[in-house]
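Structural overview
If you want the building blocks of each chain, they are given just below.
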Amino acid sequence: MDKRVIDQFWRQRATEGGGRWTEPEMLDYELSMLTPYVGANCHILDLGSGPAALSTRLLGPSCRLTAVDKYQSFLDSIPSDPRINTVCSDVVNFSYTTATYDLILLFGVVTHLDLAEELAVYENAARGLADSGVLAVKNQSSHHGEKQVDGYSESLKCHYVGRYPDIPGQAARLGRFFGKVEIRHYPPAFDKWPDTTHVCFLCSSRK
Ligand SMILES: C[S@@+](CC[C@H](N)C(=O)[O-])C[C@H]1O[C@@H](n2cnc3c(N)ncnc32)[C@H](O)[C@@H]1O
């Protein structure tokens, strides 16, 4: 994958404040999927948070959020709140030295990581997760074998590079680090393209 194209894509979107481009109904779906994992005093780590449209909505009064993104402009758009801490970092290099997280989110990010980076993020997340914690990994997945795109996107009006892992392959990679990997298929109504679908992997019981 051409990382220069990916970097230019997110740098541009960060200046425009555009993290997501999915419909509001998908955000509602994700909130209802994740809310059961947010208990009292939950510390959430949002890896590749963008403006944290998802994770800030999960925050209860006793919760804390650490939002991590590679682009400071995204983090600057997160509302100031004593429960929220922001870290400008590549998710691959994020340092877990200071905390143990109850819920780690990796939403819409794997698409822009190569295989080695994807594995490194899983391995580090397994180390940073609380014993009873959950890592939730969501991205578009390919129905048949991994799919890569590299070219002009009519819908995004720019050059776009991305990787859409196949579901069994991604589940197997997560299974190297977690004893339980539950696959949640999103409703087909969210699918915009015939060869990809939206999937969340809910991972617990780190190995
Ligand atoms: C599709 S957006 C999703 C934002 C958020 N997770 C959500 O679901 O609302 C992907 C985000 O990942 C960030 N990102 C992509 N690659 C990254 C990397 N290697 N390190 C840190 N952030 C990254 C982008 O800047 C962008 O904010």
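Along each chain, residues carry numbers from 1 onward, in the same order as the chain's sequence is written. For a predicted model such as this one, the threshold for reporting local features is a pLDDT of at least 70, and the threshold for listing and counting side-chain atom pairs is 80 or more; totals across whole chains, interfaces and linings nevertheless cover every residue. Processing note: side-chain calculations cover all non-hydrogen atoms of the structure and skip hydrogens and water entirely.

**Structural notes on the packing of aromatic side chains**
Between the rings of Phe, Tyr and Trp (Trp by its six-membered ring), a pair exists once the centres lie within 6.5 Å; its type follows the angle of the planes, with under 30 degrees stacked, over 60 edge-to-face, and the other angles tilted. Counted by the stated rule, this structure contains eight aromatic pairs. Ring centres of Phe9 and Trp10 lie 4.9 Å apart, and the angle between their planes is 80°; this geometry places the pair in the edge-to-face category. Note on exposure labels: buried denotes an accessible area under 20% of the residue type's maximum, exposed denotes more than 50%, and partly exposed covers the range between, all computed with a 1.4 Å probe on protein chains only. Judged by its relative accessible area of 7%, Phe9 is buried. With a relative accessible area of 13%, Trp10 lands in the buried category. Judged by centre distance (6.2 Å) and plane angle (65°), the rings of Tyr186 and Phe190 are edge-to-face. When its relative accessible area of 10% is taken as the criterion, Phe190 is described as buried.

**Considering the pattern of salt bridges**
Whenever Lys or Arg places a side-chain nitrogen within 4 Å of a carboxyl oxygen from Asp or Glu, that contact is recorded as a salt bridge. Throughout the structure, instances matching the rule amount to 15 salt bridges. Its salt-bridge partner being Arg163, residue Glu146 comes within 2.8 Å of it at the nearest N-O pair. One end of the pair, Glu146, is in the loop between strand S5 (129-142) and strand S6 (147-153); the other, Arg163, is in strand S7 (residues 158-164), and 17 residues separate them in sequence. Arg163 gets classed as buried once you look at its relative accessible area, which sits at 2%. When salt bridges with common partners are traced through the structure, they connect Glu118, Glu146, Arg163 and Arg173 into a single cluster. Only DSSP runs of H or I reaching four residues or more are called helices, and only runs of E reaching two or more are called strands; each is numbered from the N terminus.

**Topic: the site of the ligand**
One heavy atom within 4 Å of a molecule or strand is enough for the residue carrying it to be called near that molecule or strand. Near the ligand lie 17 residues; those nearest to it are Arg20, Gly48, Asp69, Val91 and Phe107. Think of a polar contact as two N or O atoms within 3.5 Å of one another; within protein, one of them needs to be a possible hydrogen donor and the other a possible acceptor, and neighboring residues in sequence only count if both atoms come from side chains. At a separation of 2.7 Å, an oxygen atom of the ligand approaches a polar side-chain atom of Asp69. Computed on the free molecule, the ligand has an accessible area of 600 Å², of which 94% lies beneath the protein chains in the complex. Amino acids are sorted into nonpolar (Ala, Val, Leu, Ile, Met, Phe, Trp, Tyr, Cys and Pro), charged (Asp, Glu, Lys and Arg) and polar (every other residue, Gly among them). Across the shell around the ligand, the residue classes tally to seven nonpolar, six polar and four charged. All accessible areas in this document rest on Shrake-Rupley with a 1.4 Å probe, and a residue is counted as covered only by the protein chains that are shown.

**Regarding unusual backbone geometry**
Although it is not a glycine, Asn41 sits at a positive phi angle of roughly 65°. Examined against the element boundaries, Asn41 turns out to sit in the loop between helix H2 (24-34) and strand S1 (43-47). Despite not being glycine, Ala52 shows a phi value in the positive range, around 65°. Within the secondary structure layout, Ala52 lies in the loop between S1 and helix H3 (55-58). In this structure Ala52 comes out as buried when scored by relative accessible area, which is 1%.

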